[in-house]
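What follows is each chain in one-letter form.
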Amino acid sequence: MASAATKYGKLWGRGYETFKSRRILSVSGTADHATTYLQGLVTSDLTSEPRAPREEEEDTFLANRVRDPQKSHPGQMEEEVPIKFTSKMRFTCFLDHRGRILTDAILWKRIIDGAVKSTTEYLIDVPSDTADMLFDHLKEHKLRRSKITLQDKSDDISVHAVYGTLNAEGAPPGYLAAMDPRHPSLGMRILSVGPEAMVNGDNSEDEADSNDRIKRTDHFSKLMNNFFPHTPGTYSVLRRLSGIAEGSEITSRTALECNQEFLNAISFRKGCYLGQELTARSQFTGVVRKRILPVMIVDTEMELPRPWIMAGMIQELGEKDGVEKIFGLTKDEKGNVPKLVGHIPPPLPKMSAAGAGSLISMMMGSFATMPAESNPQEGAEEDLGLKETEAELQKLREAGEKLQNEISELAVPGASIIDKKDGKTIGKVVSEPAPGTTVILAQMRLDRLGLLGGSEKWSRTNKILIGDGSKEYRYLPYLPLWWPDIDSETGKEKEKKIDDELYELPRSDS
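Residues numbered from 1 in each chain as written. Predicted model: local features only at pLDDT ≥ 70, side-chain atom pairs only at ≥ 80, totals over all residues. Heavy atoms only, no water.

- If you check an unreviewed UniProt entry, the protein chain appears there as Aminomethyltransferase folate-binding domain-containing protein from Cyclotella atomus.
- Regarding the protein chain, the UniProt comment filed under Subcellular location (unreviewed entry) reads as follows: "Mitochondrion". (UniProt positions renumbered as here; feature names shortened; annotations may be inferred.)

### Comments concerning the pairing of strand β11 (residues 290–299)
- β11 sits mainly inside the fold: 8 of its 10 residues count as buried.
- Pairing of β11 with strand β16 (residues 439–445) involves 7 bridges; the strand directions are antiparallel. Residue pairing in the sheet places Arg291 in a bridge with Met444 of β16.
- As paired elements, β11 and strand β18 (residues 473–477) share 5 bridges and run antiparallel to each other. Residue Val298 lies in a different strand from β18, and its bridge partner there is Arg474. (Buried < 20%, exposed > 50% of the residue type's maximum accessible area, 1.4 Å probe, protein only. Helix = DSSP H or I, 4+ residues; strand = E, 2+ residues; numbered from the N terminus. Pairing = 2+ DSSP bridges.)

### Focus on the sheet that holds strand β10 (residues 188–192)
- Taken in spatial order, the 4 strands line up as β1-β8-β10-β9 in an open sheet, and their pairing is antiparallel. Each of the sheet's edge strands pairs with one partner strand only, and the pair in question is β1 (15–18) and β9 (175–179). The mean inter-strand angle of the sheet, taken between neighbouring strand axes irrespective of direction, is 20 degrees.
- Here strand β8 (residues 158–163) runs beside β10; their pairing, made up of 5 bridges, is antiparallel. Residue pairing for β10: Val162 is matched across the bridge by Met188. (Axes fitted to C-alpha atoms, helices over the stretch in contact; angles between N-to-C directions.)

### Here's the deal with the nonpolar core
- Within the largest apolar cluster, 80 residues are counted, with the highest numbers of intra-cluster contacts made by Met296, Ile297, Trp308, Ile440, Met444 and Tyr475.
- Counting 21 residues, the second-largest nonpolar core is a separate cluster that includes Leu25, Tyr37, Ile124 and Leu138. (Core = buried A, V, L, I, M, F, W, Y, C linked by side-chain atoms within 4.5 Å.)

### Some remarks on the environment of His137
- Looking at the element boundaries, His137 is found in helix α4 (residues 128–140).
- A relative accessible area of 7% means that His137 is categorised as buried.
- Considered as a pair, His137 and Leu95 are 42 residues apart in the sequence and their alpha carbons are 9.6 Å apart.
- Setting aside anything within four residues of it in sequence, one finds His137 in contact with Leu41, Phe94, Leu95, Leu102 and Leu274. (Contact = heavy atoms within 4.5 Å.)

### So, helix α7 (residues 234–241)
- Among the 8 residues that make up α7, 7 are buried, leaving the element largely enclosed by the rest of the structure.
- One or two positions beyond α7, positive phi appears at Gly243, with a value near 75 degrees.

### A closer look at the side chain of Asn264
- By the secondary structure assignment, Asn264 is in the loop between α7 and α8 (276–284).
- Within the local environment of Asn264, its side chain forms a polar contact with the side chain of Arg51, the two groups lying 3.0 Å apart.
- A distance of 3.0 Å separates the side chain of Asn264 from the backbone oxygen of Ala52, its partner in a polar contact.
- Discounting chain neighbours no more than four positions away, the residues touching Asn264 are Arg51, Ala52, Pro53, Arg54 and Phe91. (Polar contact = N/O pair within 3.5 Å; in protein donor to acceptor, adjacent residues only side chain to side chain.)

### Digging into α4
- Between its first and last C-alpha atoms α4 spans 19 Å; for 13 residues at 1.5 Å apiece the expected length is 18 Å, and the two agree.
- Among the residues of α4, Thr130, Ala131, Leu134, Phe135, His137 and Leu138 are the ones counted as buried. All buried residues of α4 lie within an arc of 160 degrees about the axis, which places them on one face of the element.
- Against the buried residues of α4 lie β2 (22–30), α2 (33–39), β4 (89–95), β5 (101–112), β6 (119–127) and β7 (149–152). (Expected span 1.5 Å × (residues − 1). Arc of directions from axis to C-beta.)

### Quick look at the packing of aromatic side chains
- Considering all chains together, one arrives at 5 aromatic pairs under this definition.
- Residues Tyr175 and Phe220 carry aromatic rings whose centres are separated by 6.0 Å and whose planes lie at 50 degrees to one another, so their mutual orientation is tilted. A residue pair is termed long-range when its members are at least 10 positions apart, and Tyr175 in strand β9 and Phe220 in helix α6 (residues 212–224) qualify at 45 residues. Pair check on accessibility: Tyr175 and Phe220 agree, each one buried.
- Judged by centre distance (5.7 Å) and plane angle (75 degrees), the ring pair of Phe268 and Phe284 falls under edge-to-face. Of this pair, Phe268 sits in the loop between α7 and α8 while Phe284 sits in helix α8, and the two are 16 residues apart along the sequence.
- Relative accessible area serves as the criterion here: at 55%, Phe284 is assigned to the exposed category. (Phe/Tyr/Trp six-rings, centres within 6.5 Å; stacked < 30°, edge-to-face > 60°.)

Here is the structure:
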């Protein structure tokens, strides 16, 4: 797991939860009828193998290191732990006729053997707030003679997630399990589908009044309690810190503005599907000027964390001068300038969800404090120091809670983010803060973040207003580790290039 963390970012802590905010819709048919029907409605290509999430590099500020160019040599590679992704589950989007997103969804494919013919079924795991709209959409595009069956199986199947593991193999009878196709740090997704995954008559009266989903939830809890703690609400925090919006948060937006191509939800090689024209035009001819990303809101008096100080220096001084100043690149006795090994640090910090969560906990004083046991022989000075430290932490926690309450009231979906320097709207709130944090998801103008064009820069001394509020705050945007490098001219994924004048990558002796 530690080795995999260098490939996909640090994983969240161990735990499990059952989703109450997910629905399961079913599309089934004999032969390839279900596949043919959905192929014309989804952005992914159901006839090809789904791609695994993009491999990542370490945090670019930490991964870069300085080497003498005359002594550069390949570093030792860590042994990688294989992460298995299944072709039976993929991520996708459904679009309307304009090419705007109706909803995102996770598709599970399974084959059900019958007495005469086998049936192919797609189980559509979709957020509850867009499930009814999607079901109506599916029925609307079902032709009269179409040989498929549409069903809502939300009461018959339960949906779960397990965090802190990369092993989705060996699911018990009655369960489907696979790593989240968007990013493995979002956990292992699990569906309870078979008759084996049911509670057997412990409380017959209660079971008589409950649906299958409740029975399955009870059965899953009994399975998991011996291995993982119950951590409800984890996903709500995790996906926001990971910069992933879903459901109604992305409805009516374009796929590229919501980073769906980064999450492997879109195939640009498949044939026609509903809404394809706008998506293809955006990818091949347009410029993506806005994208959704996580933004941390802090008080203007709060000390700026080091990742944003470094990002500010790079933006203010330019890549070359900023990087040289940060890493102290000076000439040696022979006149050679040590060169960075790795990739150019991005103009904004890159963080895993776990890393962002740890940073927020420290800033808000919300981490658990365990005072050491005092020793009377060590005198009263140490006890006094502990009391003063705890008092400072308490003040930090109180200030953090106050800030969280303020942001939760102001940062409602649709609220504007306004830059005080010129009064312009630089973003819109997409999702309210992750519980216990001041991290929101916002659709931000890339030019105001220093990611698009060369005139505007993100400033570490920025001041913003949120919605109708009059109090000034500071916004600290960051990039999830799964983001690729962004081309400053198009707002899309940058083609990988090496600048040999400033950076030197290790080469093999051969």
